[in-house]
Amino acid sequence: MPQDDPKTLVSTDWLAQHLNDPDLRVLDASWYMPDAERDPKAEYAAAHIPGARFFDIDEIADTRSELPHTAPPPEKFMSRMRAMGVGDGHQVVVYDGAGLFSAARVWWLFKLMGHDDVAVLDGGLPKWQAEGRPIEDMAPILRERHMTARRQAHLIKDVTQVAEASKLGASQILDARSPGRFAGTEPEPRAGLRGGRIPGSRNLHYRALLNEDGTMKDPEALKSVFAAAGADLGKPVITTCGSGVTAAIINLALERVGHRAHALYDGSWAEWGMFDELKVETG
């Protein structure tokens, strides 16, 4: 797979060459853990890639859910995208301010809604700025654009489906959290959650998929990372993490190595860790 693939991952060079394309839409999907003490909206207002719109992961979500930033209903997704001037026929490029972190979540959301022409910017805003490329602090002029969303149910799993996979093993569960959180030796950042992991799951910390500069490793290196984690790519994969954000980095990496049978557990540990009737493994 070439490095620049408008359905998975594109380089800063690719984006620079296509930045003025009339049907390109760039989204800043920055989101941070609370302990990062960063304000993504304020950072976007101060500096963003020219023409970028801000995608609010916490608002473009199912806000009726008690769980954080779960996938929105298709109607809400369509409404928000139309208002942002993002619609059918657009090539979407998503980036974030961490390098490659929350942008993968929005890439997955577009796939979930049936929009395939979407890629993550490899290395994100840090790489773009390090290369001296243009930024601006002006909000773009938005013109509504028609958007069609068709939910792809095979790309998302709920707690019942994950419990079945945990018990029967037909799908492999890969957890993107840190090794300490996976083992239950490190406290969860969200209050009230038990420590540990879904029984039978394997740990693949999302950072293992990335280079030091925040770019994603090449496909051959990714295959080695999956192998080292004990991932069986002959099976369907369900990804999970703390709240469904970094899990999507595994989904993106799977797509990069040509593994198509993958889905994301949207509730992730924010849901599994909450209910005592769901079994937990530690150590």
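Shown above is the structure to which this text applies.
The structure presented is a predicted model; accordingly, all values stated were derived computationally and were not measured.

Peer 1: Go over the packing of aromatic side chains, please, and point to the residues and values.
Peer 2: The tally for this structure, following the rule as stated, stands at six aromatic pairs. Of note, arginine 133 hangs over the ring of tryptophan 128, and the distance from its end group to the ring centre comes to 5.6 Å. For arginine 177, the ring lying beneath its charged end belongs to tryptophan 269, and the centroid distance is 4.6 Å.

Peer 1: Can you break down the nonpolar core residue by residue, with the values?
Peer 2: If you look at the biggest cluster of nonpolar residues, it comprises 56 residues, and the most contacted ones within it are Phe55, Trp108, Phe110 and Phe226. The element that contributes the greatest number of residues to this core is helix H4 (residues 103–112), accounting for eight residues. Judged by nonpolar contacts, the second largest core, of 16 residues, contains Trp14, Val26, Ala119 and Leu121.

Peer 1: Hey, could you go over helix H3 (residues 74–83) for me, with residue numbers and the actual values?
Peer 2: Taken together, the buried positions of H3 are Pro74, Lys76, Phe77, Met78 and Met81. Where H3 is buried, its residues meet H4. Following H3 by one or two positions, glycine 85 has its phi on the positive side, about 75°.

Peer 1: Run through the pairing of strand E5 (residues 118–121), naming residues and quoting values.
Peer 2: Within a regular beta strand, the side chains point alternately toward one face of the sheet and then the other, so they alternate between its two faces. Bridge count between strand E1 (residues 9–10) and E5: two bridges; the pairing is parallel. Looking at the pairing, valine 10 lines up with leucine 121 of E5. As paired elements, strand E4 (residues 91–95) and E5 share three bridges and run parallel to each other. Pairing of valine 94 across the sheet is with valine 120, part of E5. At this point the chain moves from E4, through H4, to the parallel E5, and the crossover so formed is right-handed.

Peer 1: Account for the environment of aspartate 58, with residues named and values stated.
Peer 2: Following the sequence through the fold, aspartate 58 ends up in the loop between strand E3 (53–54) and H3. Beyond its immediate sequence surroundings of up to four residues, aspartate 58 is in contact with Trp31, Thr63 and His69. Here the side chain of aspartate 58 touches tryptophan 31 through a polar contact of 3.3 Å, side chain to side chain.

Peer 1: Tell me about the sheet that holds strand E6 (residues 156–157), residues and numbers included.
Peer 2: With parallel pairing, five strands are arranged side by side in an open sheet as E6-E10-E9-E7-E8. Looking at strand neighbours, the two that pair on one side only are E6 and strand E8 (202–203), the edges of this open sheet. In this sheet, strand E9 (residues 237–240) lies alongside strand E7 (residues 172–175) in parallel orientation, the contact comprising four bridges. Each bridged residue has a counterpart across the sheet, and for glutamine 172 the counterpart in E9 is valine 237. In the packing of helix H9 (residues 247–256) onto the sheet, the strands contacted are E7, E9 and strand E10 (262–265), and the crossing angle to E10 comes to about 175°.

Peer 1: Account for the pattern of salt bridges, naming residues and giving values.
Peer 2: Opposite charge on two side chains allows them to pair when their charged atoms are near. Scanning the model with the defined rule gives 19 salt bridges in all. Members of the salt-bridge network, linked through shared partners, are Asp13, Lys127, Glu131 and Arg133.

The rules we used
Residues numbered from 1 in each chain as written. Predicted model: local features only at pLDDT ≥ 70, side-chain atom pairs only at ≥ 80, totals over all residues. Heavy atoms only, no water. Phe/Tyr/Trp six-rings, centres within 6.5 Å; stacked < 30°, edge-to-face > 60°. Lys NZ or Arg CZ within 6 Å of the ring centre and 35° of its normal. Core = buried A, V, L, I, M, F, W, Y, C linked by side-chain atoms within 4.5 Å. Buried < 20%, exposed > 50% of the residue type's maximum accessible area, 1.4 Å probe, protein only. Helix = DSSP H or I, 4+ residues; strand = E, 2+ residues; numbered from the N terminus. Contact = heavy atoms within 4.5 Å. Pairing = 2+ DSSP bridges. Right-handed = clockwise from strand over helix to strand, strands pointing away. Polar contact = N/O pair within 3.5 Å; in protein donor to acceptor, adjacent residues only side chain to side chain. Axes fitted to C-alpha atoms, helices over the stretch in contact; angles between N-to-C directions. Salt bridge = Lys/Arg side-chain N within 4 Å of Asp/Glu carboxyl O.

Function cannot be inferred from these measures alone, as they are strictly geometric.
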